[in-house]
Amino acid sequence: MPRRVRVRLTLLYGGLFVLSGAVLLTITYILVNRSNGMFVFSRDPSGPSGARMYTGDGTSTVLDRFAEAQRRQAQRQHALEMNRLLIESGIALAIMSVIAIGLGWFVAGRVLRPLRTMTSTIQRISADNVHERLAVEGPADELKDLADTVDGLLGRLEGALDSHKRFVANAAHELRTPLTVEHALLEESLIDRDATVESFRSNFERLLVLSEQQARLLESLLTLSSSERGLDHREPIDLAELAGEAVLGCRGRAERHGLRVDGATGHAATYGDSALVERLIVNLLDNAIGYNVPDGWVKVVTRVEGEHAVVRVANSGKVVPPERVGRLFEPFQRLDRTAGDGHHGLGLSIVRSIAAAHGATVTAHARSVGGLVVEVSFPLRTAARPSARHHNGTPRLPQAASG
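All values reported here derive from a predicted model rather than from experimental measurement. (Residues numbered from 1 in each chain as written. Predicted model: local features only at pLDDT ≥ 70, side-chain atom pairs only at ≥ 80, totals over all residues. Heavy atoms only, no water.)

Asker: Mind laying out the overall build of the chain, listing which residues take part and the relevant values?
Answerer: The secondary structure content of the chain amounts to 7 helices and 9 strands. When each of the 403 residues of the chain is scored for burial, the buried share is 34%. Long-range contacts, defined here as pairs at least 24 residues apart, represent 72% of the contacts in the chain between residues at least 6 apart. (Helix = DSSP H or I, 4+ residues; strand = E, 2+ residues; numbered from the N terminus. Buried < 20%, exposed > 50% of the residue type's maximum accessible area, 1.4 Å probe, protein only. Contact = heavy atoms within 4.5 Å.)

Right under this line is the structure:
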């Protein structure tokens, strides 16, 4: 088959015309060639019967010479006419076939012209001008649907590219700040000729804290990257067990902050990566503890709701503007950008990525008296084991509401 679509369409149009023309010629030939009741009459007064009738198929009771000659002459004339009809129709078909191929080439070019325009426009689009669109105008046919689909894809790519640029810029900023502080501390230790052991120890302690913060940031970035790739394996897990372990692990930190952590964990079985799901719950607890108020509280609940295994983390805290709840799930977004607080604004974005990898949905709303409620709904574990790698698209965006 030819590689060019226009050539294939032309051959298709021409072939269909030749085939339909040949079928029409055959039908016409058969209809004209059929015997349609040819009669020959002969009157012979001297004969015994007086008159004779002869049909086109040659059946007759008695044939005299004149009638037989008339019948044979009619058959020869009919055969000549059919032969002439066949030849002239074949010539007409050949001429029209050439014309049909030419028209097919022209029509195929007109049909494919919008595709060529879209192709050339797409080839010009790169990372520098990804904002451009095809913007095809015309009737709402398949080509316009294709162009609109490509425009939608370009819009999503533009959003992803902008998000990637912001992520890289924010990550560079988060990493540059501690590096700048580390450089200043090292420089201070080198240029201070009166430095004592205590000052060196103090600077080294601060350097150690900064190093730990950078290690946590890099670990968070790696977790975010791995969760966005999807899951390589799934295993049966119970959200109640993972939530219980996470509560025990963070209870000491909560007590140091004067917070009360309560757990109401009921069995909620699902499939997934236990390490990632545990990280999701730990991040929710870490966020609930870190953005709280003195004498506050954190409550963790796991339950089965319909066909979902749900983990819900609620906490007291400062009043969160409802319109800002959705932004908290974007990387490097946090309410209070306090330097040195150990928070990089990646906790909830990691929660969203892990939920997406598990086919779960994330909802969140701000409490009217302060604090946040985050709920993650996983598919309930059934007898059928899901596939090893599952993608369910981006989870439902957090809903901002007062509560």
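What follows continues from the structure just given.
Asker: Hey, could you go over the UniProt feature "transmembrane region" (unreviewed entry) in the chain for me, with residue numbers and the actual values?
Answerer: Here, UniProt's "transmembrane region" (unreviewed entry) annotation points to residues 12-32 and 90-108. Summarising residues 90-108: 100% helix, 0% strand, and an end-to-end C-alpha distance of 26 Å. (UniProt positions renumbered as here; feature names shortened; annotations may be inferred.)

Asker: I'd like a rundown of the pairing of strand S5 (residues 269-272), residues and numbers included.
Answerer: Neither face of S5 is left uncovered, since the one carrying Ala269 and Tyr271 and the one carrying Thr270 and Gly272 both have all their residues buried. As paired elements, strand S3 (residues 235-238) and S5 share 4 bridges and run antiparallel to each other. Pairing of Asp238 across the sheet is with Ala269, part of S5. (Pairing = 2+ DSSP bridges.)

Asker: Tell me about the side chain of Thr270, and name the residues and values.
Answerer: In this fold, Thr270 is placed in strand S5. Judged by relative accessible area, which is 1%, Thr270 ranks as buried. Of the polar contacts made by the side chain of Thr270, one reaches the backbone oxygen of Pro379; its length is 2.7 Å. Dropping the residues within four chain positions of it, Thr270 is found in contact with Glu235, Pro236, Ile237, Leu239, Ala309, Phe378, Pro379 and Arg381. (Polar contact = N/O pair within 3.5 Å; in protein donor to acceptor, adjacent residues only side chain to side chain.)

Asker: Just give me the short version of the packing of helix H6 (residues 274-290) against helix H7 (residues 347-357), but keep the residues and values in it.
Answerer: It is at 9 Å that the axes of H6 and H7 come closest, and there the two elements cross at 150°. Relative to H7, H6 is oriented roughly antiparallel. When the axes of H6 and H7 are compared, the crossing they make is left-handed. Together, Leu276, Val277, Arg279, Leu280, Asn283, Leu284 and Asn287 of H6 and Gly347, Leu348, Ile350, Val351, Ile354 and Ala355 of H7 make up the contact between the two elements. Split into classes, the residues belonging to the contact of H6 with H7 amount to 9 nonpolar, 3 polar and 1 charged. (Axes fitted to C-alpha atoms, helices over the stretch in contact; angles between N-to-C directions. Parallel < 35°, antiparallel > 145°, perpendicular 65-115°, else oblique. Left-handed = near helix turned anticlockwise from the far one by under 90°. Nonpolar A, V, L, I, M, F, W, Y, C, P; charged D, E, K, R; others polar.)

Asker: Got a sec to walk through the sheet that holds strand S9 (residues 372-379)? Specific residues and values, please.
Answerer: Taken in spatial order, the 5 strands make up an open sheet running S4-S6-S7-S9-S8, and their pairing is mixed. The sheet is open, and its two borders are formed by strand S4 (260-265) and strand S8 (361-366), each paired with just one other strand. The sheet shows a mean angle of 10° between the axes of neighbouring strands, direction not considered. Strand direction decides the pairing type here: S4 and strand S6 (residues 297-305), joined by 6 bridges, are parallel. Paired with Ala264 across the two strands is Val301, which belongs to S6.

Asker: Any details on the confidence of the model for the chain? Residues and values, ideally.
Answerer: Averaged over every residue, the pLDDT of the chain is 78; residues scoring 70 or more account for 78%. Across residues 383-403, where pLDDT falls below 50, the model places 56 contacts with residues more than four positions away in sequence or in other chains. (pLDDT = per-residue confidence, 0-100.)

Asker: Give a detailed account of the environment of Arg253, specifying residues and quantitative values.
Answerer: Here Arg253 lies in helix H5 (residues 239-256). The spacing of Arg253 and Asp286 is 33 residues in sequence and 9.3 Å in space, taken between C-alpha atoms. At a separation of 2.2 Å, a polar atom in the side chain of Arg253 contacts the side chain of Asp286.

Asker: Please provide a residue-by-residue account of the environment of Ala127, values included.
Answerer: The topology assignment puts Ala127 in the loop between helix H2 (65-124) and helix H3 (142-191). Linking Ala127 and Leu161, residues 34 residues apart in sequence, is a C-alpha distance of 8.1 Å.

Asker: Describe in detail the pattern of salt bridges, supporting the description with residues and values.
Answerer: One pass over the full model with this rule turns up 8 salt bridges. Between Glu158 and Arg133 there is a salt bridge, with its nearest N and O atoms 2.6 Å apart. You can see Glu158 sitting in helix H3 and its partner Arg133 sitting in the loop between H2 and H3, a full 25 residues away along the chain. On the basis of relative accessible area, Arg133 is assigned to the partly exposed category, the value being 28%. In this structure, the salt-bridge partner of Arg312 is Glu375, at a minimum N-O distance of 3.7 Å. In this pair, Arg312 is assigned in strand S7 (residues 308-315) and Glu375 in strand S9, connecting sequence segments 63 residues apart. (Salt bridge = Lys/Arg side-chain N within 4 Å of Asp/Glu carboxyl O.)

Asker: Tell me what's going on with a positive patch on the surface, and back it up with residues and numbers.
Answerer: Together, Arg4, Arg110, Arg113 and Arg116 make up a region of like positive charge exposed at the surface. For Arg4, a relative accessible area of 62% translates into the label exposed. (Patch = residues over 30% accessible without salt bridge, like charges linked within 9 Å, V, L, I, M, F, W, Y side chains within 5 Å. Areas by Shrake-Rupley, 256 points an atom, 1.4 Å probe, with all protein chains shown as cover. Lys, Arg positive; Asp, Glu negative; His and termini not counted. Charge placed at Lys NZ, Arg CZ, Asp CG, Glu CD.)

Asker: Just give me the short version of empty space enclosed by the protein, but keep the residues and values in it.
Answerer: Summed over all chains, the structure comprises 1 cavity of 30 Å³ or more. By volume, the largest cavity amounts to about 40 Å³. In this structure, the largest cavity is lined by Leu284, Asn287, Ala288, Val313, Asn315, Leu348, Leu372, Val373 and Val374. Among the residues forming the lining of the largest cavity, the class breakdown is 7 nonpolar, 2 polar and no charged. (1 Å grid on protein atoms, 1.4 Å probe; cavity = no way out; pocket = protein on both sides within 12 Å on 5 of 7 lines; lining within 4 Å. Points joined across faces, edges and corners; volume = space filled by probe spheres on them.)

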